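# Coordinate analysis (summary)
Residues per chain, in single letters:
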Amino acid sequence: MRIRIVGAGVAGLTAAYEFASRGAEVELIEREDGPGRGCSWYAGGMVAPWCELESAEPLVARLGLEALDFWTRKIPVAQSRGSLVVATARDQAELRAFTCRTQEFEEIGANRIAELEPDLAGRFSRALYFPKEAHLDPRVALETTARRLAAMANVRLRFGLDASQAEGDPDWTIDCTGYSARTDLLGLRGVKGEMLVLAAPDLNFARPIRLLHPRHPVYVVPREENRFMLGATQIENEERARVTARSVVELINSAYSIHPAFAEAEIAEMGSDLRPAFHDNLPRVVIRGRKIFVNGLFRHGFLLAPSLARQTADFVFTGLSSPETMRELQVSEDSRQWASA
C-alpha cells in the first residue's frame, strides 16, 4: 500500500510512523526544509492528559493517554517526572477549582513541594502533583521522529517540496497541513499561541510548573541547559508571527510569581504561530474519497497526534472508524457540510 502524507508537523510525522510500522510504503512531503517548522515548533511539549481536563473535553484526556506510551516507549524522548500545579496565596480558589475538574493528582504541602522542586522551597504552601504525566522538548521529538523515519526502508522523506509537485498516485493521501488546510475544511480557524524561552542559569526545575491565575495563567516547561519555555497565551485571531509586548509582560510577570529569578533571565527566543481548531476545539479525521484530513489538534498536538495517527491507519487498513473523531464525517468526494454540524 502506498501512502502519501502531506505535512511534517507532529501529526504528519506520527502518521508516517504509524503507517510505516504497519508495512506501508510511505512518502512524507513537507514544503519547509525540515520537520515541524509550523506550530509544532513552538509547542510546550507537555504530555499531560489529566491536567488538560481543566479546560478540555474528556475526549482529549482519553486520546492523550496513548501519547504517554508513544513518547516514552515508541519514540522515547519524554521524561516521566509528572506535572506540578501551583497558585499564589490569593488564588487558592483557582487551585480548588482545578481539583474539581481534573484527575490522577496528589494534593501536597510545602515539604513535598520542596522535595520535588528544591528551588520552590518556601514559595508555595499547597500544590497539585500529577505523577503520571510527562514532558518533552518538541524540537527534539520532531527531529528524533524524522530520523527514525529516515532509517526505515519503506519511508521516503521529501523536504522543500510542495505537494502539488509530487508525482504518481498513492493509494491514500493523508493531509496533515494544519491551518493551511483551511480552504478545504469548513470551520477550521487559527488560534494564535505565543511563547518565550528564558535562559535562567540559577534555576533548576525537573518538571513542568503550571501557575493558576484567573486572567494570566502560565506554564513553565524545563528544557536543556537551564532554559525554560513559557506559554499559555490563547488569542482568537489569525495574525501568525507577531508576539505582542502585552503577552511578553504577562508571561514574564506570571513566571516571576513562580520564582523571582525569572526577572533576571535572558529572553533567548520569542515565537508564535496559529494552532488549527474547529468550533469545539476537538480534533477531526475527515475522509473524502481517497484523501484523509487529520486536523483540529488545537493546543494538544503532541498529546493527540499518536492517537489520531492510529485511528487513521485503522481506517485505511481495516475500515474501522472512531465515532469520537469521525462522528461528523461523510465519506464522499464532494461532502463539505460535516463542519457545520
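Residues numbered from 1 in each chain as written. Predicted model: local features only at pLDDT ≥ 70, side-chain atom pairs only at ≥ 80, totals over all residues. Heavy atoms only, no water.

The next subject is the overall build of the protein. Secondary structure summary: the protein contains 8 helices and 16 strands in total. On C-alpha atoms alone, the protein measures out to a radius of gyration of 20 Å, which is about the 20 Å that the 2.2 N^0.38 rule sets for 341 residues. Projected onto its principal axes, the C-alpha positions of the protein cover 60 × 40 × 35 Å. Taken over 341 residues, the protein has a buried fraction of 55%. Long-range pairs, those at least 24 residues apart, make up 76% of the contacts in the protein between residues at least 6 apart in sequence. (Helix = DSSP H or I, 4+ residues; strand = E, 2+ residues; numbered from the N terminus. Rg over C-alpha atoms; globule rule 2.2 N^0.38 Å. Buried < 20%, exposed > 50% of the residue type's maximum accessible area, 1.4 Å probe, protein only. Contact = heavy atoms within 4.5 Å.)

Right, let's get into the pattern of salt bridges. Considering all chains together, one arrives at 23 salt bridges under this definition. In this structure, Asp69 engages Arg73 in a salt bridge whose closest nitrogen and oxygen atoms are separated by 2.8 Å. Here Asp69 and its partner Arg73 are both found in helix H2 (residues 58-74), 4 residues apart, which amounts to about one turn of the helix. According to the relative accessible area criterion, Arg73 is exposed, its value standing at 55%. Here Arg126 and Glu107 are joined by a salt bridge, their closest N and O atoms 3.2 Å apart. Of this pair, Arg126 sits in strand S6 (residues 126-130) while Glu107 sits in strand S5 (residues 106-109); the two residues are 19 residues apart in sequence, bridging distant segments of the chain. Taking relative accessible area as the criterion, Arg126 reaches 27% and is therefore assigned partly exposed. On the accessibility criterion, Glu107 (54% relative accessible area) is exposed. Beyond isolated ion pairs, a larger network of salt bridges with shared partners links Glu18, Arg22, Glu66, Arg310 and Asp314. (Salt bridge = Lys/Arg side-chain N within 4 Å of Asp/Glu carboxyl O.)

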